[in-house]
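As a plain string of letters, each chain reads:
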Amino acid sequence: MSKERLLTGLQPSGALTIGNYIGGVKRLLKYQDEYDTFLFVPDMHAITVTQEPALLHKRIKELVAIYLAVGIDPKKVHLYIQSENLYHANLSWILECHSYFGEMSRMHQFKEKSKNHENFTCGLFTYPALMAADILLYDAKYVPTGADQKQHVELARNIADRFNSRYGKEYFVKPEPVIPEVGARIRDLQDPSKKMSKSTDNPKASVFMTDDEKSIRKKFASAVTDSDGKISFDEENKPGVSNLLTLYSVFTGLKIDEVVAKFQGSGYGDLKNEVANVVIDTMKPIQDKYKYYLESTEIDEALDEGREFTNKIAKEKYEIIRNVVGLGRN
Ligand code: ATP
Ligand code: MG
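Given the structure is predicted, the values throughout are model-derived calculations rather than measurements.

Reading guide: rules and limits
As a convention, each chain's residues are numbered from 1 in the sequence order in which they are written. Think of it this way: whatever chain is written first is A, whatever ligand is written first is 1, and the rest follow in order. Residue-level local features of this predicted model are given only where pLDDT is at least 70; pairs of side-chain atoms are given and counted only at 80 or more, and the full residue set underlies all totals for whole chains, interfaces and linings. The basis for every side-chain value is the complete set of non-hydrogen atoms in the structure, without hydrogens or water. In this analysis the probe radius is 1.4 Å and the grid spacing 1 Å, with only protein atoms considered; a cavity is a set of points the probe fits into but cannot get out of, a pocket is an open set with protein on both sides within 12 Å along at least five of seven lines, and lining residues have an atom within 4 Å of a point. Grid points are joined across faces, edges and corners, and a volume is the space filled by probe spheres set on the points. Classes in brief: Ala, Val, Leu, Ile, Met, Phe, Trp, Tyr, Cys and Pro nonpolar; Asp, Glu, Lys and Arg charged; the others, Gly included, polar. A helix here means a DSSP run of H or I that spans at least four residues, while a strand means a run of E at least two residues long, and both kinds are numbered starting from the N terminus. Expected span of a helix: the number of residues minus one, times 1.5 Å. The rule is simple: take the accessible area with a 1.4 Å probe, protein chains only, and divide by the maximum for that residue type; under 20% is buried, over 50% is exposed, in between is partly exposed. We call two residues in contact when some of their heavy atoms are within 4.5 Å. Two strands make a pair as long as DSSP finds a minimum of two bridges between them. By definition, the crossover connecting two strands over a helix is right-handed if that path, from the first strand to the second, turns clockwise as seen with the strands pointing away from the viewer. Residues enter a nonpolar core if they are buried and are Ala, Val, Leu, Ile, Met, Phe, Trp, Tyr or Cys, with the set joined through side-chain atoms within 4.5 Å. Where each domain starts and ends follows an automatic or database-derived domain assignment. Put simply, a salt bridge is a Lys or Arg side-chain nitrogen that is within 4 Å of an Asp or Glu carboxyl oxygen. Nearness here has a simple test: a residue counts as near a molecule or strand if at least one of its heavy atoms is within 4 Å of that partner. Polar contact is defined as a pair of N or O atoms within 3.5 Å, subject to the rule that within protein one atom must be able to donate a hydrogen and the other to accept it, and that residues adjacent in sequence are counted only when both atoms are side-chain atoms. The Shrake-Rupley method, run with a 1.4 Å probe sphere, supplies the accessible areas, and residue values consider only the shown protein chains as cover. Exposure above 30% relative accessible area and no salt bridge define the residues that can form patches, which grow by joining like charges within 9 Å and nonpolar side chains of Val, Leu, Ile, Met, Phe, Trp and Tyr within 5 Å. We count Lys and Arg on the positive side and Asp and Glu on the negative side, and we leave His and both chain ends out. Note that the charge is assigned to NZ on lysines, CZ on arginines, CG on aspartates and CD on glutamates. Centres within 6.5 Å make a pair out of two Phe, Tyr or Trp rings, where for Trp the six-membered ring is used; the pair is then stacked when the planes are under 30 degrees apart, edge-to-face when over 60, and tilted otherwise. Two conditions define a charge sitting above a ring: the NZ of Lys or the CZ of Arg must be within 6 Å of the ring centre, and it must be within 35 degrees of the ring normal.

(A) Quick look at empty space enclosed by the protein. If you walk through the whole model with that rule in mind, you get 2 cavities of 30 Å³ or more. Looking at the largest cavity, its volume works out to about 40 Å³. Along the walls of the largest cavity sit M107, Q109, F110, K113, L124, Y127, P128 and H152, which together make up its complete lining. Along the lines of polarity and charge, the residues of the lining of the largest cavity split into 5 nonpolar, 2 polar and 1 charged. Around the second largest cavity, the lining residues are D188, L189, P192, A223, V224, G240, N243 and L244. Classifying every residue of the lining of the second largest cavity gives 5 nonpolar, 2 polar and 1 charged.

See the structure below:
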């Protein structure tokens, strides 16, 4: 039996953090064996906010190098860049014309992101239509995503449904959002009331997958804790210490109770030091491969193959849809 299709992507909005590693990248390894996986770099989504062009190019490449370094196998996964497939934007336009201003206006992420800017782009507003196109072009059944994107997948589902009923046939597969079981949420090292993010303004707040040993040690050494001095797991009252315990737990596979027991009687300095050690031990081999891939031709080979393959599928779907809505010649 052929595998079911799954589609996912990570925005190249910054270098990946160890939070992204735990909550996002590691899961891909499971998907690549279980599903027909489409993994793309949504670079067109990234320009909904201002980007520095040279930096965006660099981040796209770095993101693909990280994927290969953690063990994504381009023989199993269709790995491609969104902007290298013109059908995404073309289908997006048709879908925009099948979605309503009212429903787009209800998207939480737009409300959230637009309130921080005086002048936000129209792209930020219509982004969910492009995301719907990303998904519907490939008849992807499953779309793993963070909880913040669930509403967008549901919108894609609604658009698919509306389109199918308007034109009287199942032209699009209705996608299902997959919200992975709540794993560890890694907190910001300087403000543990927030989660760790790649698009942070404070470089001390996030540990990046590509940070060198010295900066990883420094960042953990200056992580915010509390003045209580005792090691226990209490996310509400001791978020900083609990975050360090969580990190130790996910990087070693030990249970939180076991980690707490191990550090009984130790000081915060010891805990920070040990967390730094396990993070460095895990990241070191990934970083070595990452450096190798950045310099290799394998990135381009994988992306070329992904581009060819996905363009073929997307073209077929797009031509059908274009014809169905009456565009061009019959
Ligand atoms: P941005 O600031 O650009 O939103 P981000 O770090 O929040 O960056 P996302 O692109 O939103 O990253 O999410 C990528 C993946 O990483 C998702 O699967 C998300 O659930 C996961 N993830 C993000 N931050 C964390 C975190 N602090 N702990 C665990 N998982 C995380
Ligand atoms: Mg995020």
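So, next bit.
(B) Region of the structure containing helix α10 (residues 239–252). Across its 14 residues, α10 extends 20 Å between first and last C-alpha, which sits within 8% of the 20 Å expected from 1.5 Å per residue. By the criterion of burial, α10 is predominantly enclosed, with 11 of the 14 residues buried. Residues of α10 that are buried make contact with α1 (18–34), α9 (213–221), α11 (256–262) and α12 (268–295). After α10 finishes, the residue G253 shows a positive phi value of roughly 85°.

(C) View of the pairing of strand β2 (residues 36–41). Counting buried positions along β2 yields 5 of 6 residues, so the element is predominantly enclosed. Where strand β1 (residues 5–9) meets β2, 5 bridges bridge the pair, whose relative direction is parallel. Of the residues in β2, the one forming a bridge with R5 is D36. In this region the chain leaves β1, passes through α1 and returns to the parallel neighbour β2; the handedness of that crossover is right-handed. Pairing analysis gives 4 bridges linking β2 to strand β3 (residues 78–81), with the strands arranged parallel. Across the sheet, residue F38 finds its bridge partner in β3, namely H78.

(D) A look at the nonpolar core. The biggest cluster of nonpolar side chains holds 58 residues, and the ones touching the most others in it are I18, F220 and F251. Here the element with the most residues in this core is α12; it accounts for 11 residues. If you count residues domain by domain, this core takes at least three from each of domain 1 (5–183 + 297–324) and domain 2 (213–291). Apart from residues no more than four positions distant in its own chain, F220 is found in contact with I18, L189, V207, L244, L247, K272, V275, A276 and V279. The next biggest cluster of nonpolar side chains, apart from the first, holds 36 residues, and it includes Y87, M131, L155 and Y318.

(E) How the structure looks around the pattern of salt bridges. For the coordinates displayed, the defined rule picks out 18 salt bridges. A salt bridge links D36 to R5, with the shortest nitrogen-to-oxygen separation between them at 3.3 Å. Of this pair, D36 sits in strand β2 while R5 sits in strand β1; the two residues are 31 residues apart in sequence, bridging distant segments of the chain. Across the pair K115 and E112 runs a salt bridge, and its minimum N-O distance is 3.4 Å. Note on K115: relative accessible area 57%, which makes it exposed. Judged by its relative accessible area of 43%, E112 falls in the partly exposed class. Salt bridges sharing common partners tie together D226, D228, K230 and K238.

(F) Representation of the site of ligand 1 within the structure. The local shell around ligand 1 holds 14 residues, among which S13, I186, K195, K198 and S199 are the closest. Separating a nitrogen atom of ligand 1 from a backbone N or O atom of G19 is a distance of 3.1 Å. In the model, an oxygen atom of ligand 1 is placed 2.7 Å from a nitrogen or oxygen of the K198 side chain. Computed on the free molecule, ligand 1 has an accessible area of 590 Å², of which 81% lies beneath the protein chains in the complex.

(G) Focus on a negative patch on the surface. There is a patch of like negative charges on the surface, built from E84, D300, E301 and E305. Within the secondary structure, D300 is located in helix α13 (residues 298–324). By relative accessible area, D300 is classed as partly exposed at 47%.

(H) Looking closely at the packing of aromatic side chains. Per the stated rule, a full pass over the model turns up 17 aromatic pairs. Pairing Y31 with Y35 gives two aromatic rings, centres 6.2 Å apart and planes at 70°, and the pair type is edge-to-face. With a relative accessible area of 9%, Y31 lands in the buried category. According to the relative accessible area criterion, Y35 is partly exposed, its value standing at 21%. With a centroid separation of 5.1 Å and 40° between ring planes, the pair formed by F38 and Y138 is classed as tilted. Separated by 100 residues along the polypeptide, F38 in strand β2 and Y138 in the loop between α7 (122–136) and β4 (142–144) bring together distant segments of the chain. Looking at Y138, the relative accessible area reads 0%, which means it is buried. Ring pairs connect the aromatic residues F38, F40, Y80, Y138 and F309, which therefore count as one cluster. Looking at K262, its charged tip hangs above the ring of F263, at a distance of 5.6 Å from the centre.

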